[in-house]
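Examining the three-dimensional arrangement
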Amino acid sequence: RSSDLYGDNVEELDFIVGKILGALEKEGLQNKTLTYFTSDHGGYLEARDGNAQLGGWNGIYKGGKGMGGYEGGIRVPGIFRWPGVLPANTVINEPTSLMDVYPTVVYLGGGTLPKDRVIDGRNLMPLLQGLVTHSEHEFMFHYCGLSLHAVRWHQAETGATWKAHYMTPVFHPFGAGACYGRRMCQCIGEHVIHHKPPLLFELSRDPREDTPLSPATEPQFTAVIKRIERAVEEHRRTLAPVPLQFSLSNNIWKPWLQPCCGTFPFCTCDRVDANAIL
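Note that the structure is predicted; figures quoted are calculated from it, not measured.

How each quantity is defined
- Residues numbered from 1 in each chain as written.
- Predicted model: local features only at pLDDT ≥ 70, side-chain atom pairs only at ≥ 80, totals over all residues.
- Heavy atoms only, no water.
- Helix = DSSP H or I, 4+ residues; strand = E, 2+ residues; numbered from the N terminus.
- Buried < 20%, exposed > 50% of the residue type's maximum accessible area, 1.4 Å probe, protein only.
- Salt bridge = Lys/Arg side-chain N within 4 Å of Asp/Glu carboxyl O.
- Disulfide = S-S within 2.5 Å.
- Phe/Tyr/Trp six-rings, centres within 6.5 Å; stacked < 30°, edge-to-face > 60°.
- Lys NZ or Arg CZ within 6 Å of the ring centre and 35° of its normal.
- Pairing = 2+ DSSP bridges.
- Axes fitted to C-alpha atoms, helices over the stretch in contact; angles between N-to-C directions.

Here we take up unusual backbone geometry. For residues other than glycine, phi is negative in most cases, and the peptide bonds are mostly trans. Following histidine 172, the chain continues into proline 173 via a peptide bond in cis, with omega recorded as -5 degrees. Positioned with a positive phi, glutamate 209 is a non-glycine residue whose angle comes to about 55 degrees. Note on placement: glutamate 209 falls in the loop between β8 (192-202) and α5 (221-237). Exposure remark for glutamate 209: the relative accessible area of 0% places this residue in the buried category.

Turning to the pattern of salt bridges, a few remarks are in order. On inspection of all chains with the given rule, the structure shows nine salt bridges. A salt bridge links glutamate 71 to arginine 152; its shortest N-O distance comes to 2.6 Å. Residue glutamate 71 is located in helix α2 (residues 71-74), and its partner arginine 152 is located in strand β6 (residues 147-155); the two are separated by 81 residues in the primary sequence. What makes glutamate 71 buried here is its relative accessible area of 1%. Across the pair glutamate 202 and arginine 205 runs a salt bridge, and its minimum N-O distance is 3.2 Å. Its relative accessible area of 52% is what places arginine 205 among the exposed residues.

Enumeration over the complete set of coordinates arrives at two disulfides. The disulfide partner of cysteine 144 is cysteine 187, and the gap between their sulfur atoms is 1.9 Å. Disulfide cysteine 144 to cysteine 187: torsion about the S-S bond roughly -50 degrees, handedness left-handed. You can see cysteine 144 sitting in strand β5 (residues 139-144) and its partner cysteine 187 sitting in the loop between β7 (160-169) and β8, a full 43 residues away along the chain. Both residues of the pair, cysteine 144 and cysteine 187, count as buried. What pairs with cysteine 179 in a disulfide is cysteine 185, and their sulfur atoms sit 2.0 Å apart. A torsion of 100 degrees about the S-S bond marks the disulfide between cysteine 179 and cysteine 185 as right-handed. Taking the relative accessible area as the measure of exposure, cysteine 179 reaches 1% and is therefore buried. Classification of cysteine 185 as buried rests on a relative accessible area of 2%.

Attention shifts here to the packing of aromatic side chains. As enumerated under the stated definition, the model contains four aromatic pairs in all. Judged by centre distance (6.1 Å) and plane angle (25 degrees), the ring pair of tyrosine 70 and phenylalanine 171 falls under stacked. In this pair, tyrosine 70 sits in the loop between β3 (52-53) and α2 while phenylalanine 171 sits in the loop between β7 and β8, placing the two residues 101 residues apart along the sequence. Like phenylalanine 171, tyrosine 70 is buried. Measuring from ring centre to ring centre gives 5.7 Å for phenylalanine 139 and tryptophan 153, while their planes differ by 10 degrees; the resulting arrangement is stacked. One end of the pair, phenylalanine 139, is in strand β5; the other, tryptophan 153, is in strand β6, with 14 residues separating them in the sequence. Joined through ring pairs, the aromatic side chains of Phe139, Phe141 and Trp153 make up one cluster. Sitting over the ring of tyrosine 44, lysine 65 keeps its end group 5.0 Å from the ring centre.

Moving on, we come to the sheet that holds β6. Within a sheet, each strand pairs with its neighbour through backbone hydrogen bonds, oriented either parallel or antiparallel. Ordered in space as β5-β6-β7-β8, the four strands form an open sheet in which the pairing is antiparallel. At either margin of the open sheet sits one strand with a lone partner, and together these are β5 and β8. With strand direction ignored, the average angle separating the axes of adjacent strands in the sheet is 15 degrees. Pairing of β6 with β7 involves six bridges; the strand directions are antiparallel. Within β7, the position partnered with glutamine 155 by the bridge is alanine 160.

Okay, structure coming up:
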């Protein structure tokens with residue numbers, strides 16, 4: 001893959017990460033810095049050239065980028081590094097969230113979380129240091145845009161991990177596992193299937209999310225769905241409207257906010273320049 005666009009991107013990413021880690025070591029900061037490498041979504045399945053896959057691979061997991069519920073869209077690796085603080089060569093099979101970054105950084109900085117709102121994230125340090133064996137997330141709510149697509153419940157007393165899908169994408173072509181006729185799968189409208197009752201999977205038994213459970217195949221089906229729906233109701237009571245971050249005004253190019261190494265507005269920065277206009 002080293003000769004194609006995807007391989008080029010991976011090589012470039014590897015180079016940049018190496019430069020960052022090298023700079024930390026050069027300045028003697030490696031033992032004072034928590035490094036966290038992850039992604040915001042799974043592989044981009046629709047990126048193809050004929051039958052060649054260009055956009056990554058999600059292993060056994062169904063779905064990919066743009067799918068807010070399936071494991072292939074939301075399950076990504078998280079690689080942590082902090083010599084002398086975090087144990088090396090450790091694998092933690094517990095779900096966490098990018099929202100955990102905020103409370104973790106606040107904790108490490110000696111700050112205090114706001115008390116006037118619900119904080120969905122959790123401090124990751126006890127889990128990363130091996131002080132606890134399970135994530136603090138009992139429920140995780142998986143959105144695609146503004147729509148709640150799936151809910152994950154770790155049932156502590158049994159160790160089961162249930163996943164209820166309220167919406168799933170309409171794959172194109174049917175059964176393909178992705179939306180190859182479009183740029184990617186969409187979140188709403190005619191592009192999704194609504195499920196009532198939701199599709200239910202137990203991920204430790206069916207990580208591929210291939211076979212939805214039913215009252216006939218799962219004795220706990222009704223009880224699990226009721227518990228998840230109660231959690232959804234409680235979750236929605238904590239939500240408050242906020243300005244849309246993906247509005248046009250928030251996403252248009254703002255050249256006055258970027259470093260400028262050339263003559264404004266021709267701003268390209270390919271060097272370190274102490275005299276650059278900021």
